[in-house]
Amino acid sequence: RWLEAAAVTRHGVSSRHDLSVVRRRLLVSGTVQGVGYRWVCRRVAGAAGVTGWACNLSDGRVEVVLEGPHDAVAEVEAWCRVGPRDAFVAAVDADVEPPEGLRDFVVR
């Protein structure tokens, strides 16, 4: 529902993105497990040219790591703060980390 607004080129990265690579770790709380959050996040990240991963935590949160161009990561992070239709995102704690050079986005 949110992704459609992104301008994406044939290479999967919006032409408006800053090319400097950043990494963000997000801890997403609310109703975010059992609603397709990780799988839709993977699709949104892939379309934006962002790598990383998403996994469920035992406390009910979802942990998301995003790496890519600054603007692309910001775009996916903005989606993470809303989530898919059946999710309710109560809060997102975000930290900046040094990039590791991830090559894909996976669901763990």
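It should be noted that the structure appears before, not after, this text.
First, a word on scope: everything that follows refers to the structure included in this document. Please read these numbers as outputs of a predicted model, since none were measured by experiment.

In this structure, Val28, Tyr37, Val50, Val64, Leu66, Val76 and Cys80 are the most contacted members of the largest nonpolar core, which totals 24 residues. For this core, the elements supplying multiple residues, two or more each, are strand E1 (21-31), helix H1 (37-48), strand E3 (62-69), helix H2 (70-80) and strand E4 (88-97). The element best represented in this core is H1, accounting for six residues. If near-sequence neighbours (up to four positions away) are discounted, Val64 is found in contact with Arg24, Arg25, Leu26, Val28, Tyr37, Cys41, Trp53, Ala54, Cys80 and Phe105.

Tallied over the entire structure, the rule returns eight salt bridges. Note that Arg61 and Asp59 form a salt bridge whose closest N and O atoms lie 2.8 Å from each other. Take Arg61: its relative accessible area is 24%, and that puts it in the partly exposed class. What makes Asp59 partly exposed here is its relative accessible area of 49%.

Turning our attention to the state of the cysteines. Covalently bonding the sulfur atom of one cysteine to the sulfur atom of another cysteine gives a disulfide. Taken as a whole and judged by the stated rule, the model has zero disulfides. For the unlinked cysteine Cys41, the closest cysteine sulfur is that of Cys80, found at 3.9 Å.

In this section: H2. Since one α-helical turn is 3.6 residues long, residues separated by three or four positions face the same way. When H2 is considered as a whole, its buried residues turn out to be Ala72, Val73, Glu75, Val76, Glu77, Trp79 and Cys80. On its buried side, H2 packs onto E1, H1, E3 and E4.

A separate point is the side chain of Arg25. Within the element layout of this structure, Arg25 appears in strand E1. Here the side chain of Arg25 touches Glu97 through a polar contact of 2.5 Å, side chain to side chain. Not counting residues within four places of it along the chain, the set of residues in contact with Arg25 comprises Trp53, Glu63, Val64, Val65, Asp93, Ala94, Asp95 and Glu97.

The rules behind the values
- Residues numbered from 1 in each chain as written.
- Predicted model: local features only at pLDDT ≥ 70, side-chain atom pairs only at ≥ 80, totals over all residues.
- Heavy atoms only, no water.
- Core = buried A, V, L, I, M, F, W, Y, C linked by side-chain atoms within 4.5 Å.
- Buried < 20%, exposed > 50% of the residue type's maximum accessible area, 1.4 Å probe, protein only.
- Helix = DSSP H or I, 4+ residues; strand = E, 2+ residues; numbered from the N terminus.
- Contact = heavy atoms within 4.5 Å.
- Salt bridge = Lys/Arg side-chain N within 4 Å of Asp/Glu carboxyl O.
- Disulfide = S-S within 2.5 Å.
- Polar contact = N/O pair within 3.5 Å; in protein donor to acceptor, adjacent residues only side chain to side chain.

Remember that the coordinates give geometry; whether it matters functionally is a separate question.
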